[in-house]
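# Observations on chain architecture
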Amino acid sequence: MDFVSIISLIATVIGLLAFSIIAAKHKRNRYQKFLFLLFIFSLAYNALLSFLATSGLLLDYPHFYRTASPFLYCIPIALYLLAKAIGKNQNSPSRSDYALFLIPLLHMAELTPFYFQNSAVKLEHLGNLTTNPDIMVFDKVSLISSNWHYLFQLSLGALLMTLTFFKTLKYRKNPGGNSRKRKLIWINWISLFLGFCFAILVLLLLVDPANLNIYVYGAFLITMALLIVFLGLFLEPHVLYGTLHSENIKKRMPAKGETNANLSAQDRDFRSLIEAYFESEQAYLEPSFRQADLASHLNVSRNTLSAMINGSYKMNFNQLLNEKRIDYALKNLDDTKWKHLSLEGIAREVGFKSRTTFNKAFKLKTGSTPSKYRTAQILE
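This text gives an overview of the structure that appears in the document. The model shown is predicted, which means the values in this text are computed figures rather than measured ones.

## Describing helix H14 (residues 302-313)
Between its first and last C-alpha atoms H14 spans 16 Å; for 12 residues at 1.5 Å apiece the expected length is 16 Å, and the two agree. Buried residues of H14: Thr304, Leu305, Met308, Ile309, Ser312 and Tyr313, and no others. When H14 is viewed along its axis, its buried side chains cluster within an angular range of 130° and face the same direction. Lys314 lies just past H14 and shows a positive phi near 60°.

Next up, the structure:
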């Protein structure tokens, strides 16, 4: 095996390992976790196909031919949508997000007739793969020639990574806690690196592709990108695991099943842990956020969480949640993005399903109704 094949194999193994860790351990809302998994899987699967192609093993497993092509579209799309989801605290895709998902799905539909061809047909397309890997670039197995697909995939990748880079710079300035900002910083650097890789490959396609081993260069850059991604994950393990707190803080957490008699001694540490959560994350601003979500994130039982909130805050979970949502609203009432919002709109922004509940919680916190409070701020 040559150097590119070895790098591709290493990247594939690391990618599958990280995918397993994220699937089993990562703590984030389901939509963001799905995007993260799609991004990692798309990178890892392209690394696997690069290994099969550059090592010549694709001739022994021809049914894998072209199966990675739709996932090359998914790499920039997933990272772009992940940055958007974290920046805007989304827990479901918007209509424009669905439009982006249609691109790889349409490409997969276009390739489906070829996928059902027998091995002999696919081997005929592969031809002299071992001596000319660029067959992977210039072959035509669907309505559109592969090199045009590569050009569109890489151009789209360069564009989306550029947008991701600038969007994450913007999102980092918004309130949301250190953990959120660190995730955005990680995506910011990864998008810069991937954008550079995609742009280089676009130039290679446009310059004089017939005289270049463009597939080898592409395989090398994509697999190196995967290794860089995981280097970033290892340097920022909270991104990989989705955890908020350092291990030494976590050790102070009461274990599941710990008796209420032991809780009072943990109150101070537990309160600091809760405050760190509400400072770092925004999932509690979703109307669907429940006590079980916080308990799962902190790795304690619901009963333990309830007892410790009662002990630390002298209130129940719902009261604490409402207070934290009002705190967030008070911090952002002057934000230019909220100027156009009605009070109902602000209530929805911070997770309240009705204005009545919002008004009660607001008055309990400030002694004034939201409308009077807002009017007083304007007069000041």
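## Some words on the pattern of salt bridges
Overall, the coordinates contain 4 salt bridges when judged by the stated rule. Note that Lys84 is salt-bridged to Asp97, the shortest N-O span being 3.0 Å. Separated by 13 residues along the polypeptide, Lys84 in helix H3 (residues 69-88) and Asp97 in helix H4 (residues 95-115) bring together distant segments of the chain. Exposure class is identical for Lys84 and Asp97. Each is buried.

## Thoughts on the nonpolar core
In this structure, Phe39, Ile40, Trp186, Leu194, Phe198 and Leu233 are the most contacted members of the largest nonpolar core, which totals 76 residues. Excluding anything up to four places from it in sequence, Leu233 contacts Phe36, Ile40, Trp186, Val239 and Leu240. Grouped together as the second largest cluster of nonpolar side chains are 34 residues, Tyr277, Ala329, Val350 and Phe362 included.

## So, helix H2 (residues 30-55)
For H2, with 26 residues, the first-to-last C-alpha span of 37 Å sits near the 38 Å given by 1.5 Å per residue. Counted residue by residue, H2 has 21 buried out of 26 residues, so it is predominantly covered.

## A short note on the side chain of Ser69
On the secondary structure map, Ser69 appears in helix H3. A relative accessible area of 13% places Ser69 in the buried class. In this structure the side chain of Ser69 is engaged in a polar contact, spanning 2.6 Å, whose partner is the side chain of His107. In contact with Ser69, other than residues within four places in its own chain, are His107, Leu111 and Gln153.

## Quick look at the packing of H3 against helix H7 (residues 146-171)
Running from N to C, H3 and H7 point in directions that differ by 15°, and their axes come no closer than 9 Å. As the angle between them shows, H3 and H7 are arranged roughly parallel. As H3 runs across H7, the sense of the crossing is left-handed. Considering only residue class, the contact of H3 with H7 consists of 14 nonpolar, 7 polar and 3 charged.

Reading the values: rules and limits
Starting from 1, residues in each chain are numbered consecutively following that chain's sequence as written. Selection of residues for local features in this predicted model requires a pLDDT of at least 70, selection of side-chain atom pairs for listing and counting requires 80 or more, and totals for whole chains, interfaces and linings are taken over all residues. To get the side-chain values, take all heavy atoms of the structure and skip hydrogens and water. Strands are runs of DSSP state E lasting at least two residues, helices are runs of H or I lasting at least four, and both sets are numbered from the N terminus onward. By this rule the span expected of a helix is its residue count minus one, scaled by 1.5 Å. Relative accessibility decides the category of a residue: with a 1.4 Å probe and only protein chains considered, values under 20% of the type maximum give buried, values over 50% give exposed, and everything between is partly exposed. In this context, the arc is that of the directions from the helix axis out to the C-beta atoms. Salt bridges are defined as contacts in which a side-chain nitrogen from Lys or Arg sits within 4 Å of a carboxyl oxygen from Asp or Glu. Here, nonpolar core means buried Ala, Val, Leu, Ile, Met, Phe, Trp, Tyr and Cys residues that are tied together by side-chain atoms lying within 4.5 Å of each other. Contacts are assigned to residue pairs with any non-hydrogen atoms lying within 4.5 Å of each other. N or O atoms within 3.5 Å of each other form a polar contact, as long as, within protein, one can give a hydrogen and the other can take it, and as long as residues adjacent in sequence are counted only when both atoms are side-chain atoms. Only the stretch in contact is used when a helix axis is fitted, and all axes are lines through C-alpha atoms; the angle between N-to-C directions ranges over 0 to 180 degrees. An angle below 35 degrees is read as roughly parallel, one above 145 as roughly antiparallel, one from 65 to 115 as roughly perpendicular, and any other as oblique. It is the rotation of the near helix from the far one that decides the hand of a crossing: anticlockwise by less than a right angle makes it left-handed, clockwise makes it right-handed. Think of it as three bins: nonpolar holds Ala, Val, Leu, Ile, Met, Phe, Trp, Tyr, Cys and Pro, charged holds Asp, Glu, Lys and Arg, and polar takes everything else, Gly as well.

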